[in-house]
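Below are the chains, spelled out letter by letter.
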Amino acid sequence: QVQLVESGGGLVQPGGSLRLSCAASGSFFSIATMGWYRSAPGNERDLVAELNAYDTPTYSASVKGRFSISRDKAKNTVYLLMNNLKSDETAVYHCYAYILHKSRKRWDGFWGQGDQVTVSS
């Protein structure tokens, strides 16, 4: 079984910062892509940022220059530092990872349960 557990969400004022963390655990050989998506009520789940297997980042245009994604491969953990947050970025932030599962012996995508980020004064 593979689990992704997010942490670090909460309430922040506009212009503030938060750092999200997502740790993968369970029975797997390797992790390729890790990243973050977000979904606001009534909206689809959209990519925020991700790192490929070579740690090359991809950012959505709306967060480029304000958000930074990083990874600690030894800890199977991905981080998202969010600066200068805006009210319309209030959403549930979901961690995603593409993982080589041990018992299935194949690559599969896994999602965390989501972490609420509320940007409000």
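All of these numbers come straight from a predicted model, not from anything done at the bench.

Notes on the pairing of strand 5 (residues 46-51)
For step 1, the next point in the chain: The pairing of strand 4 (residues 28-39) with strand 5 spans 5 bridges and is antiparallel. Paired with Trp36 across the strands is Ala49, a residue of strand 5.
For step 2, the next point in the chain: Connecting strand 4 to the next strand, strand 5, in antiparallel fashion are 6 residues, including Gly42 with a positive phi near 85°.
For step 3, the next point in the chain: Where strand 5 lies against strand 6 (residues 57-59), 3 bridges are found, and the strand directions are antiparallel. Residue pairing for strand 6: Ala49 is matched across the bridge by Tyr59.
For step 4, the next point in the chain: Where strand 5 folds back on strand 6, the antiparallel hairpin that results is connected by 5 residues, among which Asp55 adopts a positive phi of roughly 65°.

A closer look at the state of the cysteines
For step 1, the next point in the chain: What the rule picks out here adds up to 1 disulfide.
For step 2, the next point in the chain: Sulfur-sulfur distance for the disulfide between Cys22 and Cys95 comes to 2.1 Å. Disulfide Cys22 to Cys95: torsion about the S-S bond roughly -80°, handedness left-handed. One end of the pair, Cys22, is in strand 3 (residues 18-26); the other, Cys95, is in strand 9 (residues 91-101), and 73 residues separate them in sequence. In this structure, Cys22 and Cys95 share a single accessibility class: buried.

Looking at the environment of Ser87
For step 1, the next point in the chain: When you line up the elements, Ser87 lands in the loop between strand 8 (77-82) and strand 9.
For step 2, the next point in the chain: Given a relative accessible area of 44%, Ser87 falls into the partly exposed group.
For step 3, the next point in the chain: Placed 30 residues apart in sequence, Ser87 and Val117 show a C-alpha to C-alpha distance of 10.0 Å.
For step 4, the next point in the chain: What Ser87 contacts, discounting residues up to four positions off in sequence, is Pro14 and Val119.

Quick notes on the layout of surface pockets
For step 1, the next point in the chain: There is about 170 Å³ of room inside the largest pocket.
For step 2, the next point in the chain: Together, 13 residues line the largest pocket, and Arg38, Ala40, Asn43, Asp46 and Asp88 are the ones closest to its centre.
For step 3, the next point in the chain: Elements represented by at least two residues in the lining of the largest pocket include exactly strand 4 and strand 5.
For step 4, the next point in the chain: Looking at the lining of the largest pocket residue by residue, the class counts come to 3 nonpolar, 5 polar and 5 charged.

Some thoughts on the packing of aromatic side chains
For step 1, the next point in the chain: As enumerated under the stated definition, the model contains 4 aromatic pairs in all.
For step 2, the next point in the chain: Taking 6.1 Å as the distance between ring centres and 70° as the angle between the ring planes, the aromatic pair formed by Tyr37 and Tyr96 counts as edge-to-face. You can see Tyr37 sitting in strand 4 and its partner Tyr96 sitting in strand 9, a full 59 residues away along the chain. There is no split in this pair, since Tyr37 and Tyr96 are both buried.
For step 3, the next point in the chain: By way of ring pairs, the aromatic residues Tyr37, Tyr96 and Trp111 are connected into one cluster.

Here is what the cut-offs are and how they apply
Residues numbered from 1 in each chain as written. Predicted model: local features only at pLDDT ≥ 70, side-chain atom pairs only at ≥ 80, totals over all residues. Heavy atoms only, no water. Pairing = 2+ DSSP bridges. Helix = DSSP H or I, 4+ residues; strand = E, 2+ residues; numbered from the N terminus. Disulfide = S-S within 2.5 Å. Buried < 20%, exposed > 50% of the residue type's maximum accessible area, 1.4 Å probe, protein only. Contact = heavy atoms within 4.5 Å. 1 Å grid on protein atoms, 1.4 Å probe; cavity = no way out; pocket = protein on both sides within 12 Å on 5 of 7 lines; lining within 4 Å. Points joined across faces, edges and corners; volume = space filled by probe spheres on them. Nonpolar A, V, L, I, M, F, W, Y, C, P; charged D, E, K, R; others polar. Phe/Tyr/Trp six-rings, centres within 6.5 Å; stacked < 30°, edge-to-face > 60°.

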